[in-house]
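# Descriptive analysis of the structure
Each chain is listed here by its residues.
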Amino acid sequence: MEYIIFLFAQSLWWGVVSWKFFIAAGRKPWEAFVPFYNMVVMLKIAERPTWWVILLVLPVIGTVMTIVLVYEFLHVFGQRKTWQTAAVFFTLGVYLGFLNYFDTIKFTGRDNKAIKAALGDWGNSIFFAVVAATIIRSTTFEAYTIPTSSMEKSLMVGDFLFVSKLHYGVRVPMTPISFPLVHNMIPFTTIKSYFEFPQIPYLRMPKLQDVERGESVVFNYPIDVGPIDKKTNYIKRCVGIPGDELQIKDRVLYVNGEEFQFPDRANPQYKYYVRTNGMAFNKKKLKEDFDINYLTQSEYRQDPPSQDVYALQTNQNEYLIFISDSVYDAFAALPNIQEIKPIIAPMAGQSAKADQPETLSALENQDTSSILFPDDNVHGPRLFKYSWDNYGPIHVPAEGETVTLDKKAVKQYATIIEKYEGNSFREENGTYFINGEKATTYTFKQNYYWMMGDNRHNSQDSRYWGYVPEDHIVGKPVFIWMSFDKNGKGLEKIRFSRIFTTVHGQGERTTYFWYALILGLLIYGANKYRLKKKEAKKAT
């Protein structure tokens, strides 16, 4: 409703600041004040296709098309400087109103030669390329880059992905007035790329599939601030779907009582306590054989999150190392390894095992001190006492499901009730009030999901901030088109084995890069041969 009101107000405002232009073009002044119809008339005056009115009212795309329409409209009245279009846009039409009331307006008609001279050969092409790219980005696929190591070694820092909006249903943009082709900030600035008003209610187009347990999913970070679709994009693995019951026991995840099975192309990573015989690790061999980053001090200062090996100060032969499942056995067989044990944090209030190295116990007790969802640092003592490795059981809410409100339920679901589903909520002497009315139960309005990173000990995920609402789901990553390793050397910076590979699927990941390269060369060669043959035919 906000957006409809905005469009009506915008149309009326255009009438206020442009009705004399309509008269000068031989139209009736009242036509400038009829919402939406005035856009059609402006397109006719500018000699542009009237179907453009559809693009003008679409979220996000309309922002670009409004600039195009302003330029075209001013042009037919002799106002042909680029700065004049910019003045109208950045003053929200005030400059157009100045011309309307204080300047002599004369209709001069469209001059395609003048437009070409002003914009150049590429001007119109660039504008409509932006429009086309915005439509594609909003309705089909969006490019995404893995920014952090939370999904290592399944999805890696430096992977460039295409994320499908179609699989889970295209979500209609909720923040319609925004800068095209960027997310929430104008590039190279700290300026927001959008206006928070107006907002469009959550609406999703028909989907190809539901979010399935085990899939990698891109979503908006739930506890971020701002409009839903402008929150920071995160990518994690969905391990819990609506109605699921989850529990982590000594690092192993169970869903509905059964051990969670990672899909074929997942390569989860955990941290381990490692004790050697005193022989140092070969940093180059660790990288080449196990893709373990043992950075130098200068490299670590430049990029701390990439470090996988931490030498512990307690003893020169003790380390904390992040190791993926696929290389664990080979790493454990290294000749300098004397002991390797998983770091498993017990529940808060419990002690680490007695029959293990003191350093390992200290690491586990340190992890136990982390306060995780549903507990927090604000509302009293910890009720749940979960740790990263011993967590739950916890239930994932489903749309239409009803829960009884008590102290523990409120801890789990208060954020859902207030923030995600838009109710007022308060407690008075053990009695709960929702939207001012006494409540003993609550029925969920939408589905929720539980997301976890495959880099289990280096991931801020649902264990930390809780549930992901359905209206925060962005899309399904489907294709890796490029992959860079910033810690690689020379050509090793390019992970050729990951380029042109699919994210999901059965069996080992297969690259189609070389096939695509050969196909591209064949097409290029065929075109060159065809052109050469055509030129030879002309010459004869």
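Scroll up a little and you will see the structure.
The structure displayed is predicted, hence computed values, not measured ones.

### Brief notes about the layout of surface pockets
If a probe the size of a water molecule is rolled over the atoms, the empty space left behind becomes visible. By volume, the largest pocket is sized at about 1,100 Å³. Forming the boundary of the largest pocket are 43 residues, of which Thr63, Thr66, Ile67, Phe89 and Leu92 lie nearest the centre. Contributions of two or more residues to the lining of the largest pocket are made by α1 (2–24), α4 (61–75), α5 (82–90) and α8 (123–139). Sorting elements by how many residues they give to the lining of the largest pocket places α4 first, with 9 residues. In this structure, the second largest pocket encloses a volume near 960 Å³. Contributing to the lining of the second largest pocket are 35 residues, with Met156, Lys287, Asp291, Asp485 and Arg495 lying nearest its centre.

### Side note on the pairing of strand β2 (residues 159–164)
Pairing of strand β1 (residues 141–145) with β2 involves 5 bridges; the strand directions are antiparallel. Following the sheet pairing, Tyr144 is matched in β2 by Leu161. Pairing analysis gives 6 bridges linking β2 to strand β20 (residues 473–483), with the strands arranged antiparallel. For Asp159, the partnering residue across the bridge sits in β20 and is Ser483.

### Side note on the sheet that holds strand β16 (residues 437–439)
Reading across from one edge, β14-β15-β16 is the order of the 3 strands in this open sheet, with antiparallel pairing throughout. Each edge of the sheet is formed by a strand with only one pairing partner; in this case those strands are β14 (425–428) and β16. Here the strands of the sheet are splayed against their neighbours by 40° on average, with no regard to which way each runs. By the bridge criterion, 3 bridges tie strand β15 (residues 431–434) to β16 in an arrangement that is antiparallel. If you follow Phe433 over to β16, its bridge partner there is Lys438.

### Concerning the pattern of salt bridges
In total, this model carries 25 salt bridges according to the counting rule given. For Glu72, the salt bridge goes to Arg110, with nearest N and O atoms at 2.4 Å. In this pair, Glu72 is assigned in helix α4 and Arg110 in the loop between α6 (94–102) and α7 (112–119), connecting sequence segments 38 residues apart. On the basis of relative accessibility, which here comes to 2%, the residue Glu72 falls in the buried class. A salt bridge links Asp210 to Lys207; the shortest N-O distance between them is 2.4 Å. Given the relative accessible area of 45%, Asp210 is considered partly exposed. Linked by salt bridges that have partners in common, Asp159, Lys287, Asp291, Asp485, Arg495 and Arg498 make up one network.

So, how was this worked out
- Residues numbered from 1 in each chain as written.
- Predicted model: local features only at pLDDT ≥ 70, side-chain atom pairs only at ≥ 80, totals over all residues.
- Heavy atoms only, no water.
- 1 Å grid on protein atoms, 1.4 Å probe; cavity = no way out; pocket = protein on both sides within 12 Å on 5 of 7 lines; lining within 4 Å.
- Points joined across faces, edges and corners; volume = space filled by probe spheres on them.
- Helix = DSSP H or I, 4+ residues; strand = E, 2+ residues; numbered from the N terminus.
- Pairing = 2+ DSSP bridges.
- Axes fitted to C-alpha atoms, helices over the stretch in contact; angles between N-to-C directions.
- Salt bridge = Lys/Arg side-chain N within 4 Å of Asp/Glu carboxyl O.
- Buried < 20%, exposed > 50% of the residue type's maximum accessible area, 1.4 Å probe, protein only.

Honestly, it's all geometry; don't read function into it.
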